[in-house]
Amino acid sequence: MTQKTWTAVDKYVSEMLVSSDKALDAALEASADSGLPQIAVAPNQGKLLMLLARSINARTILEIGTLGGYSTIWLARALPEGGRVVTLEAEPRHAEVARANFDRAGLAQMIDLRLGKALDTLPKLAAERPAPFDFIFIDADKENIPDYFTWSLKLARPGSMIIVDNVVRDGKVIDAESHNHSIRGVRRFNEMLKQETRISATTIQTVGVKGYDGFTLALVTG
Ligand code: SAH
Ligand code: DHB
Ligand code: MG
């Protein structure tokens with residue numbers, strides 16, 4: 001089985017189960033037209049995030065790494081009336097495209113996009129003493145995943161779900177000698193998970209239109 005099959009099956013699954021949606025399609029189109037990297041979650045992954053968030057009745061969601069806001073729109077769709085997504089993005093151009101996408105989706109009032117490096121915006125967010133986030137999606141630069149996870153634990157509560165994207169990277173995650181900063185970030189994150197008593201976590205490998213990668217799911221238990 002190769003990329004061609006994975007892509008074809010993702011297409012089939014998305015056609016069968018993920019109904020096409022003007023706001024989401026427009027967000028991807030605007031992102032591509034603006035030259036943003038095409039690394040948003042796949043449609044079936046976006047729906048997975050939405051279903052996970054909905055299944056825990058999330059009312060408050062934190063996302064680290066907005067890009068053009070494709071995953072953000074999926075996450076916002078999980079929320080009930082009055083729910084809120086805070087999403088953090090370092091690149092002004094990405095933020096600008098995302099904001100236009102939120103407007104077009106009619107979701108601007110429930111999405112709070114904060115521009116800046118997440119390691120700067122997270123302490124500011126924490127200083128506001130927000131209500132704990134029920135659901136957190138970590139999907140920015142991979143070398144800082146350990147720090148993002150530490151902040152996420154501070155901003156969560158028992159019962160919160162934390163999802164981390166891109167934790168397998170074609171299997172490179174098992175290379176203990178890797179000098180790649182992303183891989184080292186993911187490996188340090190796994191060391192943290194192994195020690196951390198306040199969470200229960202697992203990692204699922206995925207194949208699909210985005211290649212061979214994976215998600216970590218961490219439930220805050222204490
Ligand atoms: N979640 C998006 C994809 C995010 S891609 C989706 O699935 O639709 C990763 C994003 O993280 C990029 O937009 C990149 O600019 C942003 N990023 C990278 N380093 C960052 C940092 N230090 N702080 C905040 N955002 C960062
Ligand atoms: C890539 C994919 C991602 O989902 C991401 O968040 C960052 C980078 C990539 O394929 O390069
Ligand atoms: Mg990602």
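Relevant structure appears above.
A brief structural summary. These numbers come from a predicted model, not from an experiment.

What follows deals with the packing of helix α2 (residues 22-33) against helix α5 (residues 92-105). Packing of α2 against α5 leaves a shortest axis separation of 9 Å and a crossing angle of 155 degrees. By the criterion of interaxial angle, the relationship of α2 to α5 is roughly antiparallel. In terms of crossing hand, the pair formed by α2 and α5 is right-handed. For the pair α2 and α5, the contacting residues are Ala 23, Ala 26, Ala 27, Ala 30 and Ser 31 in the first and Val 97, Asn 101, Arg 104 and Ala 105 in the second. Here the residues of the contact of α2 with α5 are counted per class, giving six nonpolar, two polar and one charged.

A word on α5. For α5, spanning 14 residues, the distance from its first C-alpha to its last is 20 Å, which sits close to the expected 20 Å at 1.5 Å a residue. Of the residues making up α5, those classed as buried are His 94, Ala 95, Val 97, Ala 98, Asn 101, Phe 102 and Ala 105. Viewed along the axis of α5, the buried residues span an arc of 165 degrees, placing them on a single side of the element. Facing away from the buried side of α5 by over 90 degrees, the exposed positions are Glu 96 and Asp 103. Elements in contact with the buried residues of α5: α2, α4 (70-77), β2 (84-89) and β3 (111-115). In the stretch just after α5, Gly 106 is the one whose phi turns positive, near 70 degrees.

Okay, the site of ligand 1 next. The environment of ligand 1 is formed by 21 residues, the closest being Gly 65, Ser 71, Glu 89, His 94 and Asp 139. Separating an oxygen atom of ligand 1 from a backbone N or O atom of Leu 67 is a distance of 3.3 Å. Judged by the fraction of its atoms near the pocket grid, ligand 1 is located in the largest pocket. Residues belonging to the shell around ligand 1 are distributed by class as follows: ten nonpolar, five polar and six charged.

All right, on to the site of ligand 2 then. Near ligand 2, the surroundings consist of Ile 39, Asp 139, Lys 142, Asp 165, Asn 166, Arg 169 and Lys 210. One of the side-chain N or O atoms of Asp 165 is found 3.3 Å from an oxygen atom in ligand 2. Within the complex, 70% of the 290 Å² of free accessible area of ligand 2 lies under protein. The cavity that encloses ligand 2 is the largest pocket. In the shell around ligand 2, the residues fall into one nonpolar, one polar and five charged.

Cut-off values and rules
Residues numbered from 1 in each chain as written. Chains lettered and ligands numbered in written order. Predicted model: local features only at pLDDT ≥ 70, side-chain atom pairs only at ≥ 80, totals over all residues. Heavy atoms only, no water. Axes fitted to C-alpha atoms, helices over the stretch in contact; angles between N-to-C directions. Helix = DSSP H or I, 4+ residues; strand = E, 2+ residues; numbered from the N terminus. Parallel < 35°, antiparallel > 145°, perpendicular 65-115°, else oblique. Left-handed = near helix turned anticlockwise from the far one by under 90°. Contact = heavy atoms within 4.5 Å. Nonpolar A, V, L, I, M, F, W, Y, C, P; charged D, E, K, R; others polar. Expected span 1.5 Å × (residues − 1). Buried < 20%, exposed > 50% of the residue type's maximum accessible area, 1.4 Å probe, protein only. Arc of directions from axis to C-beta. Near = heavy atom within 4 Å. Polar contact = N/O pair within 3.5 Å; in protein donor to acceptor, adjacent residues only side chain to side chain. 1 Å grid on protein atoms, 1.4 Å probe; cavity = no way out; pocket = protein on both sides within 12 Å on 5 of 7 lines; lining within 4 Å. Sits in = over half its atoms within 2 Å of the grid points. Areas by Shrake-Rupley, 256 points an atom, 1.4 Å probe, with all protein chains shown as cover.

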